[in-house]
Structure formats: C-alpha cells, structure tokens
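Listed below, chain by chain, are the residues.
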Amino acid sequence: MSEFLEGMMQDDFPLTVHHIRRAMRTRSPESTVKTHVEPGIVESATFSEIYDRIDRLARARRSLGVEQGERIGTFAWNNQRHFELYFAIPCVGAVLHTLNIRLFEEQLTYIANHAEDRVIFVDDSLVPVLERLAPSFQTVEQYVVMGGGDAGGLPNALRYEELLEAAGPGEFEYPEIDERQAAALCYTSGTTGNPKGVLYSHRSISLHSTATLVRDGLGLGRADRVLAVVPMFHANAWGLPHGAALAGADLILPDRFLAAEPLAGLIAAERPTLMGCVPTIFADLLRYADEHPEVDLSSLSNATCGGSAVPRQLMKDFEERHGVNIFQAWGMTETSPVATFSRPLEGEHDDAYWDERAKQGQPLPWVELRIVDDAGGEVAWNGESTGEIEVRGPWIAAGYFRDESAEEKFDSGWLRTGDIAAVDAKGFVQITDRAKDVIKSGGEWISSVELENELMSHPDVVEAAVIAKPDARWAERPLCCVVLRDRCDTGAEALIEHLRPRVAKFWLPDEFAFVSEIPKTSVGKFDKKVLRGLLAEDALDGRVQV
Ligand code: ADP
C-alpha cells in the first residue's frame with residue numbers, strides 16, 4: 001500500500017523580505033547604494049548603514065500608527081530612501097504601494113483611493129505634483145517628505161529624516177511574517193477600464209529575487225554594480241533592488257536624472273556592470289554615445305532591456321560601437337515582472353546567434369508558459385505558429401487586488417498575458433505583437449513588432465511605431481509612424497526598399513507618417529493608443545501615401 005511519506009526538511013522556513021534585509025548586514029555590509037542627488041553629486045551609503053536606517057524606519061511605524069496589512073504609498077524616484085522603504089514597509093507587515101508618478105492625475109487618484117493608502121512618502125522634488133492631488137485622496141492621513149525641500153501645501157507633513165532621528169538607534173524587533181502575506185502593490189495601467197492592482201507576496205518577491213541571481217537570467221552577483229534606471233515605481237524596478245540586496249551587489253540609482261547626458265556621465269563615473277531600462281532610454285543613450293565617443297560606457301557587460309521589443313540593431317550597434325552588451329527580458333507587472341530572458345549560448349556572433357538574442361528568451365526556472373490559439377488549443381513550439389502566451393509560476397499574479405472584473409485574464413491557473421508569440425523548439429519565445437496591436441490584413445496577421453524592428457534597423461530611423469489603419473478592402477493595413485534622425489530626409493520609397501527584402505510582400509506598408517516624436521506611456525513605451533486616437537481624429541501629421 002502506498003503511503004504519503006513527508007520530507008523532513010525545514011519546509012516551514014518562511015520566504016520573506018526579512019531574509020533579503022538580513023543578507024545586507026550579514027553577507028555584504030560594505031556594499032553600497034549610491035544616488036545621483038543633484039547634478040554631478042552622488043551620495044553613498046553602505047548596506048550596513050542602510051540596515052540601521054531601515055530599523056529606525058521600522059520603529060517609526062509606531063509614531064505613524066501603521067498597522068499590519070495597511071497600504072503605504074511611495075511617490076518617489078529611484079533613490080536610497082525609496083530603497084529603504086522597499087524593506088522597512090514589508091518587514092513591519094505593511095504593504096509597499098509604489099505609485100507611478102507619471103500617470104494621469106485621475107488615474108493616480110483612483111489608484112490611491114482604491115488601494116486605501118494611509119500614508120504617502122514623497123520625494124521633495126515631487127511635492128508640487130502630489131500637492132495638487134492630495135485633496136482628492138480619501139484615505140491618506142499623513143505625508144512624509146523625503147529630502148530637505150519645501151513640503152508645500154501637503155497636509156500633515158512629517159520629515160523623513162526627523163522621523164528617523166526621533167526613532168532612535170538599535171535593533172528593531174520585527175514581527176514574524178507569513179510568506180503568503182502581502183508585501184507590495186503595483187498597479188498596471190489598464191488598457192481598458194481602471195488600472196488593476198498586482199499584490200505581491202513576501203514569497204513571490206523572495207523567489208523572484210532569487211531568480212535575478214540565475215546566471216542565464218539577469219545573472220546578478222556580488223561583483224556587480226547595478227544601475228537601476230527602470231523606475232522603482234514600476235514593477236519593483238524589475239527586482240533589481242531586491243536582487244542587489246540579496247546578491248550583495250552595489251546599487252546605483254539615478255533619481256530624476258534620466259536624460260542621456262547625466263546617465264552617460266553616471267555610467268562613465270560609476271562603472272556599472274549591469275543596467276536595466278526600456279529600449280527608448282537605451283536608444284537615447286546610443287545617440288548620445290555616438291555623438292560623444294569620449295564617454296566610456298563599456299563597463300556595461302550585462303545590461304538588461306525589456307518592457308517592449310528590443311530592436312536587434314540597437315543591441316548590435318551598442319555592442320559593436322561601444323562594447324555594451326544588452327540582453328532582452330520579457331515580462332509584465334503581473335509577472336513580478338521578469339518571466340523570460342534571452343541569453344543564447346556564447347559563440348560566434350553570427351546571424352543565428354543574433355536571431356536568438358533578438359527573441360524574448362526562455363522562461364526562467366519556475367516559470368511555465370504555453371501558447372494558446374483562439375479556440376483555446378495549445379499551439380506547437382515550432383518557431384512559426386503563434387497564439388497568446390499564458391504563463392504560470394510562483395511569482396505570477398493569481399488575481400487582482402479587490403477587482404473581480406478581470407476574471408477573463410485567468411484561465412484555470414494560467415495568466416492570459418495578451419501577448420502574441422511563437423516559441424521555438426528550444427523554448428525561446430518571440431513576441432510578434434500585443435493582441436490589441438495586431439494588424440489583421442486580408443485575414444492574415446502582420447506583426448507590428450517585426451515591422452518596427454526592421455524599420456529601426458535603417459540607419460536614418462530613430463523610432464518607429466506601426467499601427468493598424470482601417471481599410472475598406474483588407475480590413476486593416478499597417479501605418480508606419482517614423483521619427484527620422486536629425487537632418488535626414490529619407491522618404492517613404494527608400495524605407496519601402498529597405499523593407500522589401502526583409503518582410504513578406506503584403507506586409508509592405510502603404511502609408512507612413514513622418515513625425516517628430518512617438519508619444520510614450522508613463523514608463524517610456526510607444527503609446528499606440530495615442531497614435532490610434534490621432535489617426536481616428538485625422539490629426540496624425542506628416543502622412544505620406546506610398
Ligand atoms: P503596461 O501594460 O502598462 O505596458 P507592463 O509594464 O506590465 O505594463 O507591460 C507588460 C507588457 O510589455 C507585456 O505584456 C508586453 O506586451 C510588453 N513587453 C515587455 N517586455 C517585452 C519585450 N522584451 N518584448 C516585447 N514586449 C515586451
């Protein structure tokens with residue numbers, strides 16, 4: 001007769017943010033967090049010093065009256081204080097709610113009220129934005145201003161440093177935390193309807209952080225110096241702050257200095273090995289580096305890019321011209337966010353190698369995915385057939401915070417991602433589109449992502465975003481919105497000739513719009529919703545029929 005024989009391991013050892021916090025003190029007290037605080041000024045603190053400040057902050061919980069499970073908002077750039085809050089808030093049993101400072105005011109109001117934030121920690125540089133919103137927040141009782149700047153008209157504003165000072169020194173006795181307890185909350189920008197809250201647990205953050213140390217993933221290690229450009233108010237900055245703390249890597253934070261020039265200066269001065277950001281920031285940086293060859297960015301041996309498809313040409317140009325290696329990750333707020341990573345086996349950097357580098361990569365350990373067609377059937381992994389990615393694993397969302405409206409996003413234990421992709425026999429995912437961006441022409445799909453990629457491989461093209469244009473005969477046709485490099489006057493015909501050998505004939509666009517800039521979302525992605533709106537209102541400038 002079979003019996004259930006239980007293993008005899010410490011299976012109840014909780015996977016919590018406490019462990020990551022403790023690791024800073026016990027394993028890498030000398031590692032540092034550096035913040036670009038003012039133009040050209042970088043402040044530094046060791047993990048050991050930060051550990052003590054987190055203790056003080058945890059103790060200040062009493063004076064703030066923060067209870068277990070309460071949501072505590074942050075309205076902040078990437079800086080040391082935000083990093084401290086990443087640990088202090090979950091470790092006292094409360095929930096770190098990172099508000100996306102770039103969202104529209106109505107969305108921020110909705111989110112803070114929906115989350116029922118009780119306290120909001122705000123950077124002094126962002127006070128002017130927040131004070132406009134404060135009257136619309138229904139549950140916020142207290143603001144804590146970080147930095148010495150003006151607290152403006154914020155009601156009940158305390159000072160972060162005064163709070164820490166008053167809290168006094170010494171070890172704090174933290175409450176025990178269940179690994180399933182909520183640790184952090186981040187809202188995804190709703191494509192339809194209101195934004196939805198993804199509620200990370202201590203367990204999901206612990207496991208995702210561990211996965212940032214995996215060599216075939218981000219591959220964070222103690223020797224790394226990690227420049228987290230991806231905002232800490234968006235999907236936990238891809239796990240880089242937690243990962244750096246767990247690995248003992250140095251962390252470099254740019255605060256509000258995100259333009260190419262200060263970023264390049266920070267890279268040249270601080271020599272990060274790893275940096276995470278979206279393609280638009282890398283593209284700005286590449287233009288700057290091309291114009292300023294004296295700025296050395298070559299310390300970046302292991303940069304990570306994601307958030308939208310990473311143009312192959314961008315990665316190649318960086319590697320060939322500046323010695324910077326960029327690898328691609330894919331994920332979403334609901335996947336903590338890293339789910340796949342593209343790190344092909346090293347070898348000759350030939351076309352086959354670059355084909356793999358340009359894909360979104362293989363699922364990380366513990367992440368499982370499948371591709372599902374419209375009829376709900378699984379699609380074969382042959383590198384050709386496409387369908388929607390469904391994903392599951394211990395750091396994938398199982399629902400949304402206080403929102404029953406999104407049940408259709410889940411399919412018996414799998415998350416429907418809304419991304420359309422093919423997977424090859426080695427498990428490398430290639431995203432062809434977001435479901436809502438797909439162009440359906442004469443019953444066939446045209447991949448906007450691939451068209452954009454090919455357009456951006458033209459040396460005169462800086463940005464390209466392709467949207468569907470309603471068409472009486474074909475239902476939809478691609479319309480390519482293109483930003484040309486300064487002083488270039490490349491025409492539609494030249495771009496068609498560039499595309500002709502690269503894509504199927506029916507993919508060749510019949511219309512371009514030469515624009516000065518592609519509108520961007522709050523996290524720097526091409527905002528096709530805005531482009532589609534302009535097209536619908538006949539307000540898209542620079543249109544040229546081919
Ligand atoms: P939002 O929905 O506001 O853009 P997310 O940051 O969660 O918020 O976006 C996740 C989406 O970004 C994914 O579903 C996918 O469409 C896109 N994405 C992320 N990484 C990549 C990538 N490497 N290639 C293509 N698309 C990507």
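Residues numbered from 1 in each chain as written. Predicted model: local features only at pLDDT ≥ 70, side-chain atom pairs only at ≥ 80, totals over all residues. Heavy atoms only, no water.

Novice: I'd love a proper account of the site of the ligand, names of residues and values included.
Specialist: As a matter of local geometry, the ligand sits amid 16 residues, with Ser189, Ala329, Thr333, Asp419 and Lys525 nearest to it. For the ligand, an oxygen atom lies 2.7 Å from a polar atom in the backbone of Thr333. Taken by itself the ligand offers 560 Å² of open surface, and the protein chains cover 92% of this. Tallying contributions element by element places strand 14 (residues 326–331) first for the shell around the ligand, with 4 residues. (Near = heavy atom within 4 Å. Polar contact = N/O pair within 3.5 Å; in protein donor to acceptor, adjacent residues only side chain to side chain. Areas by Shrake-Rupley, 256 points an atom, 1.4 Å probe, with all protein chains shown as cover. Helix = DSSP H or I, 4+ residues; strand = E, 2+ residues; numbered from the N terminus.)

Novice: Tell me about the packing of aromatic side chains, residues and numbers included.
Specialist: If you walk through the whole model with that rule in mind, you get 8 aromatic pairs. Both rings, one in Phe83 and one in Phe87, keep their centres 5.0 Å apart while their planes meet at 65°; by these two values the pair is edge-to-face. Residue Phe83 and its partner Phe87 are both found in helix 3 (residues 80–91); the two are separated by 4 residues, about one turn of the helix. Residues Phe83 and Phe87 agree in their burial class; the two are buried. Stacked on the ring of Tyr174, the Lys or Arg Arg21 has its end atom at 3.8 Å from the ring centre. Here the basic side chain of Arg343 rests over the ring of Phe327, its NZ or CZ set 4.5 Å away from the ring centre. (Phe/Tyr/Trp six-rings, centres within 6.5 Å; stacked < 30°, edge-to-face > 60°. Buried < 20%, exposed > 50% of the residue type's maximum accessible area, 1.4 Å probe, protein only. Lys NZ or Arg CZ within 6 Å of the ring centre and 35° of its normal.)

Novice: Hey, could you go over the environment of His82 for me, with residue numbers and the actual values?
Specialist: Of note, His82 is situated in helix 3. You can call His82 buried: its relative accessible area is 0%. Residues His82 and Asp460, 378 residues apart in the sequence, show an inter-C-alpha distance of 39 Å. Excluding residues that lie within four positions of it along the chain, His82 makes contacts with Thr74, Ala76, Trp77, Thr98, Met232 and Phe233. (Contact = heavy atoms within 4.5 Å.)

Novice: Residues and numbers for the pattern of salt bridges, please.
Specialist: In this structure the tally under the stated criterion is 39 salt bridges. Between Arg71 and Glu116 there is a salt bridge whose closest N-O contact spans 3.7 Å. Remark: Glu116 occurs in the loop between helix 4 (105–115) and strand 5 (119–123) and Arg71 occurs in strand 3 (residues 71–75); sequence separation between them is 45 residues. According to the relative accessible area criterion, Glu116 is partly exposed, its value standing at 38%. With its nearest N and O atoms 2.9 Å apart, the salt bridge here joins Arg81 to Glu161. You can see Arg81 sitting in helix 3 and its partner Glu161 sitting in helix 6 (residues 160–167), a full 80 residues away along the chain. (Salt bridge = Lys/Arg side-chain N within 4 Å of Asp/Glu carboxyl O.)

Novice: So, the sheet that holds strand 8 (residues 182–188): which residues are in play, and what are the values?
Specialist: What links the strands of a sheet is backbone hydrogen bonding, and the strands pair in either a parallel or an antiparallel sense. Pairing is mixed across the open sheet formed by 7 strands, whose spatial order is 7-6-5-3-4-8-9. Strands at the two margins of the open sheet, each flanked by one partner only, are strand 7 (157–159) and strand 9 (196–201). On average, each strand axis in the sheet is inclined to that of its neighbour by 25°, with strand direction left out of account. Alignment of strand 4 (residues 95–98) against strand 8, held across 2 bridges, turns out to be parallel. Looking at strand 8, one finds that His97 is bridged to Leu185. In this fold helix 4 packs onto strand 3, strand 4 and strand 8, with an angle of close to 155° to the strand it touches most, strand 8. Lying over the sheet, helix 7 (residues 202–211) contacts strand 8 and strand 9, oriented at roughly 75° with respect to strand 9. (Pairing = 2+ DSSP bridges. Axes fitted to C-alpha atoms, helices over the stretch in contact; angles between N-to-C directions.)

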